[in-house]
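# Structural characterization, general
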Amino acid sequence: MTLGVTLGSTSVQRTIDSTVRLAREARDAGLHSAWFGQTFAYDSPSLAAIVGREVPGLQVGTSAIPVFGRHPLLVSSQAQTAQAATGGRYHLGLALGTRHLTETGFGIPYQRPIGLLREFLTALRPLLETGSADFHGELLTATTPYSAAVPGARPTVPVLVAAMGPQALRVSGELADGILPFLAGPRALAEHIVPAVTAAAAAAGRPAPRIVALVPGVVTATAGVAAVREKAAEALALYERIPSDHRPMLATRAARAAPIAEIGDEETVAAEVGRYRDAGATEVVFTATELNGEDDRVRTWRLLGELSRG
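Residues numbered from 1 in each chain as written. Predicted model: local features only at pLDDT ≥ 70, side-chain atom pairs only at ≥ 80, totals over all residues. Heavy atoms only, no water.

## Looking at the packing of helix 5 (residues 113-130) against helix 6 (residues 166-175)
- Orientation of helix 5 relative to helix 6, taken along the N-to-C sense of each, is 10°, at an axis distance of 10 Å. As far as their axial angle goes, helix 6 and helix 5 are roughly parallel. Contact with helix 5, carried on its side by Ile 114, Leu 117, Arg 118, Leu 121, Thr 122 and Arg 125, involves Gln 167, Ala 168, Val 171, Glu 174 and Leu 175 of helix 6 and no other residues of that element.
- In the contact of helix 5 with helix 6, the residues fall into six nonpolar, two polar and three charged. (Axes fitted to C-alpha atoms, helices over the stretch in contact; angles between N-to-C directions. Helix = DSSP H or I, 4+ residues; strand = E, 2+ residues; numbered from the N terminus. Parallel < 35°, antiparallel > 145°, perpendicular 65-115°, else oblique. Contact = heavy atoms within 4.5 Å. Nonpolar A, V, L, I, M, F, W, Y, C, P; charged D, E, K, R; others polar.)

In structure tokens form, the structure reads like this:
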């Protein structure tokens, strides 16, 4: 199992240069990967391409680009360009997004998200694999009058989906390379998420999917755990209002997001990482590591690097 961190943050807008410096720090700490969220600010595949090119040896990915407001032809171009720029170290993450951001930001109706996800993945895969597509669905069309392949974009960009609901897991198992569950504790992974997506992949004749679990976590002094958890409660509260994120929380018997965050000393957090591995996670990516300041962020990355190397 490999370990990584997210570098994008909705609360802290870093310059590209400072992001590259942080990525170097992550690699030097022994971490395997750095991931970037997609907001209305930076374009995450472009940022990943820059970071990956500047920081050799570090895997980079986006987690995740909503399919609403995008098109497979454009996302394929972005992903292949990032793959070519990084020498094959880019990972594309997609998401359903939310009704509020889709309808408020793009002014388009949030309708048939599972159907759109299925058609998006169906059109995207041949674009990434061969540079061509001839897809005519109910919700989108993607055809290539000339090649859409990017030279040097090899191996084929892996596609993961931020899927946690039953229908999204089924589509992801059938058509994607893995999933990016967030706020899904070990119990939700082991009992609901991993079995569902693995069964869907097997039924479609696909390999066992990657399970890249995104986990909020901070290594901190035992005496400060309660204070950090209060900060986590505030930072993660918005996800409690998103049905796709709230479902795995309920499966973990947590009505709030903060209890799912892994907060404690090195021994405590290392043990929790082991629980995610035992639950079926192939990769664990820590988020919100900057929640309690730079000292705890560095401490968290140091532990994750040690675990990754060990």
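## Points about the side chain of Glu 283
- Note on placement: Glu 283 falls in strand 12 (residues 283-287).
- A relative accessible area of 10% means that Glu 283 is categorised as buried.
- A polar contact of 2.8 Å, which involves the side chain of Glu 283, links it to the side chain of Arg 210.
- Those residues in contact with Glu 283 that sit more than four places away from it in its chain are Met 1, Thr 2, Arg 210, Ile 211, Val 212 and Ala 213. (Buried < 20%, exposed > 50% of the residue type's maximum accessible area, 1.4 Å probe, protein only. Polar contact = N/O pair within 3.5 Å; in protein donor to acceptor, adjacent residues only side chain to side chain.)

## So, helix 10 (residues 266-278)
- With 13 residues, helix 10 ought to run about 18 Å at 1.5 Å a step, and its terminal C-alpha atoms sit 18 Å apart, in line with that.
- Listing the buried residues of helix 10 in full gives Val 269, Glu 272, Val 273, Gly 274 and Tyr 276.
- If you follow the buried residues of helix 10, they end up packed against strand 1 (2-6), helix 7 (186-203), strand 10 (210-219), strand 11 (262-264), strand 12 and helix 11 (294-309). (Expected span 1.5 Å × (residues − 1).)

## Focus on unusual backbone geometry
- Cis rather than trans, the peptide bond between Ser 63 and Ala 64 has omega equal to 0°.
- Relative to the helices and strands, Ala 64 resides in the loop between strand 3 (59-62) and strand 4 (65-66).
- The linkage connecting Arg 154 with the following residue, Pro 155, adopts the cis geometry, with an omega of 0°.
- Here Pro 155 is to be found in the loop between strand 7 (141-143) and strand 8 (159-161).
- Positive phi, close to 60°, is recorded for Leu 183, a residue that is not glycine.
- Relative to the helices and strands, Leu 183 is located in the loop between strand 9 (178-179) and helix 7.
- Of the residues examined, Leu 183 reaches a relative accessible area of 0% and is grouped as buried.
- Notably, Ala 288 is not glycine yet its phi reads approximately 55°, a positive angle.
- You can see Ala 288 is positioned in the loop between strand 12 and helix 11.

## Considering the nonpolar core
- If you look at the biggest cluster of nonpolar residues, it comprises 71 residues, and the most contacted ones within it are Val 51, Leu 92, Leu 94 and Leu 189.
- Ranked by residue count, the leading element in this core is helix 5, at eight residues.
- Those residues in contact with Leu 189 that lie beyond four places of it in its chain are Pro 181, Ala 184, Val 194, Pro 195, Ile 211, Ala 213, Tyr 276, Ala 279 and Ala 281. (Core = buried A, V, L, I, M, F, W, Y, C linked by side-chain atoms within 4.5 Å.)

## Quick notes on the pattern of salt bridges
- Tallied over the entire structure, the rule returns 15 salt bridges.
- Close ionic contact of Arg 187 with Glu 191 constitutes a salt bridge, the shortest N to O distance being 3.3 Å. Of the two residues, Arg 187 and Glu 191 are both situated in helix 7; the distance of four residues between them amounts to about one turn of the helix.
- A residue is classified by how much of its surface remains accessible, and Glu 191, at 47% relative accessible area, is partly exposed.
- The salt bridge partner of Arg 275 is Glu 272, with a shortest N-O separation of 2.7 Å. Taken as a pair, Arg 275 and Glu 272 lie in helix 10 at a separation of three residues, close to a single helical turn.
- Take Arg 275: its relative accessible area is 42%, and that puts it in the partly exposed class. (Salt bridge = Lys/Arg side-chain N within 4 Å of Asp/Glu carboxyl O.)

## Details of empty space enclosed by the protein
- Taken as a whole and assessed by the stated rule, the structure comprises one cavity of 30 Å³ or more.
- Of the voids in this model, the largest cavity is the one considered here, and its volume is about 50 Å³.
- Around the largest cavity, the lining residues are Thr 6, Leu 7, Gly 8, Arg 14, Leu 22, Thr 289, Glu 290, Arg 297 and Trp 301.
- Residue composition of the lining of the largest cavity, by class: three nonpolar, three polar and three charged. (1 Å grid on protein atoms, 1.4 Å probe; cavity = no way out; pocket = protein on both sides within 12 Å on 5 of 7 lines; lining within 4 Å. Points joined across faces, edges and corners; volume = space filled by probe spheres on them.)

## Quick notes on the pairing of strand 10
- Extensive coverage of strand 10 is indicated by the burial of 10 of its 10 residues.
- Alternating positions in strand 10 separate into two faces, Arg 210, Val 212, Leu 214, Pro 216 and Val 218 on one and Ile 211, Ala 213, Val 215, Gly 217 and Val 219 on the other, with burial throughout.
- Sheet topology note: the strand 9/strand 10 ladder contains two bridges and is parallel. Following the sheet pairing, Ile 179 is matched in strand 10 by Ile 211.
- The handedness of the strand 9 to strand 10 crossover, carried by helix 7, is right-handed.
- Here five bridges tie strand 10 to strand 12, and the two strands are oriented parallel to one another. By the bridge assignment for strand 12, Val 215 is matched with Phe 286.
- With three bridges joining them, strand 10 and strand 11 adopt parallel strand pairing. Paired with Val 218 across the strands is Ile 263, a residue of strand 11. (Pairing = 2+ DSSP bridges. Right-handed = clockwise from strand over helix to strand, strands pointing away.)

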